[in-house]
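Structural overview for review
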Amino acid sequence: MMPLSAEDAFELSKQFRDLGINLGNYRFANWNNLTPTQRRDLEDEEWSLLNSSSDMTTKAVGLALEESEINAQSIKRSVGKAKRAIKKLEKVGEVIKVATATVGLAAAIVAKDPGAIAKNAKLVLEAADV
């Protein structure tokens with residue numbers, strides 16, 4: 001088992017916050033091309049990421065991650081790939097898929113569920129594979 005350090009939790013918190021901001025930027029940049037439902041879905045995911053980011057630094061410290069399944073570095077890579085995908089993707093459905101996967105990853109981290117973290121990190125990579 002490898003504990004998630006305070007530094008790791010802080011860095012992940014910043015990455016999830018940045019991802020939430022990127023979603024908001026995407027929503028506003030594409031406002032006229034989005035349906036009201038798509039706008040709401042993106043805003044909901046944006047706020048979920050921002051709230052998870054806020055929770056992360058206080059709740060994620062001490063989380064033990066199975067080294068064989070996933071580590072802090074691979075989580076950071078997943079989130080980084082999601083951030084890049086949101087900037088590149090053209091179809092809003094794909095952006096929402098990436099956002100939903102990252103919200104699941106953030107929730108798993110906050111819940112301190114190593115199995116769910118590994119599963120959701122994989123889902124983020126799959127959704128962000130552009």
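In case you missed it, the structure is sitting above this.
Residues numbered from 1 in each chain as written. Predicted model: local features only at pLDDT ≥ 70, side-chain atom pairs only at ≥ 80, totals over all residues. Heavy atoms only, no water.

Some remarks on the overall build of the protein chain
Note the following rule: Here a strand is any run of E in DSSP of at least two residues, a helix any run of H or I of at least four, and the numbering for each starts at the N terminus. Calculation of accessible area relied on Shrake-Rupley with a 1.4 Å probe; when residues are assessed, cover is drawn exclusively from the protein chains displayed.
Counting secondary structure elements, the protein chain contains five helices and two strands. Overall, the protein chain shows an N-to-C arrangement of helices and strands of β-α-α-β-α-α-α. Carbon and sulfur atoms provide 49% of the accessible area of the protein chain, an area that totals close to 6800 Å².

Points about the environment of Asn51
To be explicit about the condition: Buried, partly exposed and exposed residues are distinguished by accessible area as a fraction of the type maximum, computed with a 1.4 Å probe on protein chains only: under 20%, between the cut-offs, and over 50%, respectively.
Inspection of the secondary structure puts Asn51 in helix H2 (residues 36-59). Using a relative accessible area of 45% as the deciding quantity, one classes Asn51 as partly exposed. Between the alpha carbons of Asn51 and Arg17 there is a distance of 8.3 Å; along the sequence they are 34 residues apart.

Focus on the side chain of Arg27
Where we set the bar: Should any heavy atoms of two residues lie within 4.5 Å, those residues are counted as being in contact.
Residue position: Arg27 is located in helix H1 (residues 6-29). For Arg27, the contacting residues outside a window of four places in its chain are Leu34, Arg39, Leu42, Glu43 and Glu46.

Some details on the nonpolar core
Put simply, the rule is: Buried Ala, Val, Leu, Ile, Met, Phe, Trp, Tyr and Cys residues form a nonpolar core when they are joined through side-chain atoms within 4.5 Å.
Core analysis: the biggest nonpolar cluster contains 37 residues, and Phe16, Leu42, Val98, Leu105 and Ile109 have the highest contact counts within it. Looking at this core, the elements with two or more residues in it are H1, H2, helix H3 (72-88), helix H4 (92-110) and helix H5 (114-127). Setting aside chain neighbours within four positions, we find Val98 in contact with Ala82, Ala85, Ile86, Leu89, Ala127 and Ala128.

What about the packing of aromatic side chains?
Heads up, the rule is: Classification of ring pairs rests on two measures: the distance between centres of Phe, Tyr or Trp rings, Trp counted by its six-membered ring, which must be within 6.5 Å, and the angle between planes, read as stacked under 30 degrees, edge-to-face over 60 and tilted in between. Here, over-ring charges are defined by two tests on the NZ atom of lysine or the CZ atom of arginine: distance to the ring centre within 6 Å, and angle to the ring normal within 35 degrees.
One pass over the full model with this rule turns up one aromatic pair. Each ring, one from Phe28 and one from Trp31, has its centre 5.7 Å from the other, and the planes form 15 degrees; the classification is stacked. Note that Arg27 overlies the ring of Phe28, its terminal NZ or CZ placed 4.4 Å from the centroid.

Quick look at the environment of Lys122
Mapped onto the elements, Lys122 comes out in helix H5. Classification of Lys122 by relative accessible area gives exposed; the value is 53%. For Lys122 and Leu105, which are 17 residues apart along the polypeptide, the C-alpha to C-alpha distance reads 9.2 Å.

Overview of unusual backbone geometry
If you check the backbone angles, Lys112 has positive phi at about 60 degrees while not being a glycine. What makes Lys112 partly exposed here is its relative accessible area of 41%.

Quick notes on the pattern of salt bridges
Defined as follows: Here, a salt bridge means any Lys or Arg side-chain nitrogen found within 4 Å of an Asp or Glu carboxyl oxygen.
Using the criterion set out here, one finds eight salt bridges in the structure. Between Lys14 and Glu11 there is a salt bridge, with its nearest N and O atoms 3.6 Å apart. Of the two residues, Lys14 and Glu11 are both situated in helix H1; the distance of three residues between them amounts to about one turn of the helix. Asp41 is the salt-bridge partner of Arg40, the closest N and O atoms lying 3.8 Å from each other. Given the relative accessible area of 45%, Arg40 is considered partly exposed. Residue Asp41 is classed as partly exposed on the basis of its relative accessible area of 26%. Shared partners join several salt bridges into a network, and the residues in it are Arg17, Asp18 and Lys83.

Digging into the packing of H3 against H4
In a pair of packed helices, the angle between the axes and the distance between the axes together describe the arrangement. Rules: Every axis in this analysis is a line fitted to C-alpha atoms, fitted for helices over the stretch in contact. Angles between the N-to-C directions lie between 0 and 180 degrees. With respect to orientation, any angle under 35 degrees is reported as roughly parallel, any angle over 145 as roughly antiparallel, any angle of 65 to 115 as roughly perpendicular, and every other angle as oblique. Here is the rule for handedness: rotate from the far helix to the near one, and if that takes an anticlockwise turn smaller than a right angle the crossing is left-handed, while a clockwise turn gives right-handed. Only Asp, Glu, Lys and Arg are considered charged in this grouping, and only Ala, Val, Leu, Ile, Met, Phe, Trp, Tyr, Cys and Pro are considered nonpolar; every other residue, Gly among them, is considered polar.
Following both chains from N to C, one finds H3 and H4 inclined at 155 degrees, their axes separated by 10 Å at the closest point. The orientation of H3 relative to H4 falls into the category roughly antiparallel. In the packing of H3 onto H4, the handedness of the crossing is left-handed. Residues Ile75, Ser78, Val79, Ala82, Ala85 and Ile86 of H3 form the contact with H4, whose participating residues are Val95, Val98, Thr102, Leu105 and Ile109. Tallied by class, residues from the contact of H3 with H4 come to nine nonpolar, two polar and no charged.

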